[in-house]
Amino acid sequence: MEIAVISGKGGTGKSCFSAAFATLKHKVVLADCDVDAANLFILFNPEIIEEKIYISGQKAIINQSKCTRCGICIDYCRFDAISYKEYQVVINETSCDGCKLCTRICPSMAIDLINSDKSKMFSGNFRNGKMVYGRLAPGEENSGKLVSLVREKAREIAKANHLDTIIIDGPPGIGCSVISSLTGVNHAVIISEPSLSGLSDLKRTLEIVSKFNIKTWVIINKYDLNKDVANDIFNYCHDNNIILVGKIPFSSDIVTAMVHCQSIIEYAPYSNIALEIERIYNMIIDEQ
Ligand code: SF4
Ligand code: SF4
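Residues numbered from 1 in each chain as written. Chains lettered and ligands numbered in written order. Predicted model: local features only at pLDDT ≥ 70, side-chain atom pairs only at ≥ 80, totals over all residues.

To continue, consider the overall build of the protein chain. Broken down by element type, the protein chain carries 11 helices and 13 strands. Expressed along its principal axes, the backbone C-alpha trace of the protein chain runs to roughly 70 × 40 × 35 Å. A total of 288 residues make up the protein chain; the buried ones form 43% of that total. Considering only residue pairs separated by 6 or more positions, the protein chain has 76% of its internal contacts joining residues 24 or more positions apart. (Helix = DSSP H or I, 4+ residues; strand = E, 2+ residues; numbered from the N terminus. Buried ≥ 20, exposed ≤ 12 C-beta atoms within 10 Å, placed from the backbone. Contact = placed C-beta atoms within 7 Å.)

As structure tokens, this is what we get:
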């Protein structure tokens, strides 16, 4: 069974829920698919067994011994990645899209493309099972493909170790990496927050999830910070036949748990919040 924990935007507490689900009872495979900002490895400090370079694309580089500084490539680059710097023509690798145009128009054949190889995928052991995560280097692209690789690896590990649950910490938003995180999962758990933008993000996320045939659950995190909007979310879910599986109050314990590199389940296992998250999780996994 694969459970994807997602949210319409960052900062809703999505990773706190993924971490909590991953530390409840039985051993799991935890796949951190938030490849632009993976953070669960900080919390769980996994023992890395395998580290793989992920080629996310290509970048242009200039051979300075061939470059005549004619500036033609500067004019042609649509991404403004090329500029003069200290009497040289240089390429900003973060801005370069790897479109190859400059390699074709350079009269001196001074530009080549090289693989972007700073992104990586890691896998190993964490204290409640196995863990896989990807880290996309700043400026590198194809996050959706890296998410697919992380999920593929998670499935391979689950099969090899007879683990039947994969918890996916998905990326925030509604981009292609979210779609890669959702494809083929059994359950999508959407973490929402009680604000007007939170409600609007929830609607957009539900629109994406509705394109898949996935059992969908909504949790309102920190619902007591704005009970009126929390009520609007409740009504929206009710009117659209979406299961609002639980609402969690604000608690500084969740923050303190994170500071101690623990999930709330590990930090305060008998707290009301931990027990409520456990109830929610049991309800989800009981619904096959
Ligand atoms: S087009 Fe080629 S020779 Fe001209 S500035 Fe660019 S890299 Fe240098
Ligand atoms: S490959 Fe494309 S984006 Fe990159 S520097 Fe050349 S023209 Fe610009």
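On strand 6 (residues 88-91), burial follows the alternation: Val89 and Ile91 on one face are buried, whereas Gln88 and Val90 on the facing-out side are not. Here four bridges tie strand 5 (residues 82-85) to strand 6, and the two strands are oriented antiparallel to one another. Bridging across to strand 6, serine 83 finds its partner in valine 90. Two successive antiparallel strands, strand 5 and strand 6, enclose a turn made up of two residues, where glutamate 86 displays a positive phi of approximately 45°. (Pairing = 2+ DSSP bridges.)

Domain boundaries assigned for the protein chain yield domain 1 (2-55 + 118-286) and domain 2 (58-116). The C-alpha centroid of domain 2 is placed 40 Å from the C-alpha centroid of domain 1. Looking at side-chain class alone, the side of domain 1 that touches domain 2 contains two nonpolar, one polar and two charged residues. (Domains from an automatic or database assignment. Nonpolar A, V, L, I, M, F, W, Y, C, P; charged D, E, K, R; others polar.)

This part covers the site of ligand 2. In the vicinity of ligand 2 lie 13 residues, with Ala60, Cys77, Cys96, Cys99 and Cys102 positioned nearest. Split by residue class, the shell around ligand 2 holds 10 nonpolar, one polar and two charged. (Near = placed C-beta within 6 Å.)

In the vicinity of ligand 1 there are 13 residues, among which Cys67, Cys70, Cys73, Cys106 and Ser108 approach most closely. Residues that form the shell around ligand 1 fall into these classes: nine nonpolar, three polar and one charged.

Ranked by internal contacts, the top residues of the largest apolar core, which has 66 residues, are Val5, Val189 and Ile264. If we ignore the near neighbours within four places in the chain, the residues touching valine 5 are Lys14, Phe17, Ser18, Phe21, Ile167, Ile168, Asp169, Gly170, Val189 and Ile191. Within the second largest apolar cluster, 13 residues are counted, among which are Ile82, Cys102, Cys106 and Ala110. (Core = buried A, V, L, I, M, F, W, Y, C linked by C-beta atoms within 7 Å.)

Here the focus is the sheet that holds strand 9 (residues 129-135). On the basis of which strands lie adjacent, the open sheet formed by nine strands has the order 3-8-9-2-10-1-11-12-13 and mixed pairing. Edge positions in the sheet fall to strand 3 (47-54) and strand 13 (243-248), since each of these pairs with one other strand and no more. Direction aside, the axes of adjacent strands within the sheet are offset by 20° on average. Relative to strand 12 (residues 215-221), strand 11 (residues 187-192) runs parallel, the two being bridged by six bridges. Across the sheet, the residue bridging to histidine 187 is lysine 215, located in strand 12. Across the sheet, helix 5 (residues 143-160) lies against strand 2 (28-32), strand 3, strand 8 (119-126), strand 9 and strand 10 (166-172), angled at about 165° from strand 9, the strand it touches most. (Axes fitted to C-alpha atoms, helices over the stretch in contact; angles between N-to-C directions.)

Glancing now at helix 1 (residues 14-22). Of all the nine residues making up helix 1, nine are buried; the element is thus mostly covered by neighbouring parts of the structure. Where helix 1 is concerned, the buried positions are Lys14, Ser15, Cys16, Phe17, Ser18, Ala19, Ala20, Phe21 and Ala22.

Let's shift gears to the environment of serine 108. Structurally, the position occupied by serine 108 is in the loop between helix 4 (101-105) and strand 7 (111-116). When the C-alpha atoms of serine 108 and cysteine 67 are compared, they prove to be 6.4 Å apart, with 41 residues separating the residues in sequence. With near-sequence residues (within four places) excluded, serine 108 lies in contact with Lys66, Cys67 and Thr68.

Moving on: helix 5. The first and last C-alpha atoms of helix 5 sit 26 Å apart over 18 residues, in line with the 26 Å expected at 1.5 Å per residue. Within the sequence span of helix 5, burial applies to Ser143, Leu146, Val147, Val150, Arg151, Lys153, Ala154, Ile157 and Ala158. Down the axis, helix 5 shows its buried residues gathered within 160° of arc, on one side only. Pointing more than 90 degrees away from the buried face of helix 5 are the exposed residues Lys159 and Ala160. Looking at the buried side of helix 5, the elements it contacts are strand 2, strand 3, strand 8, strand 9, strand 10 and helix 6 (176-182). In the segment just after helix 5, histidine 162 is the residue with positive phi, at about 55°. (Expected span 1.5 Å × (residues − 1). Arc of directions from axis to C-beta.)

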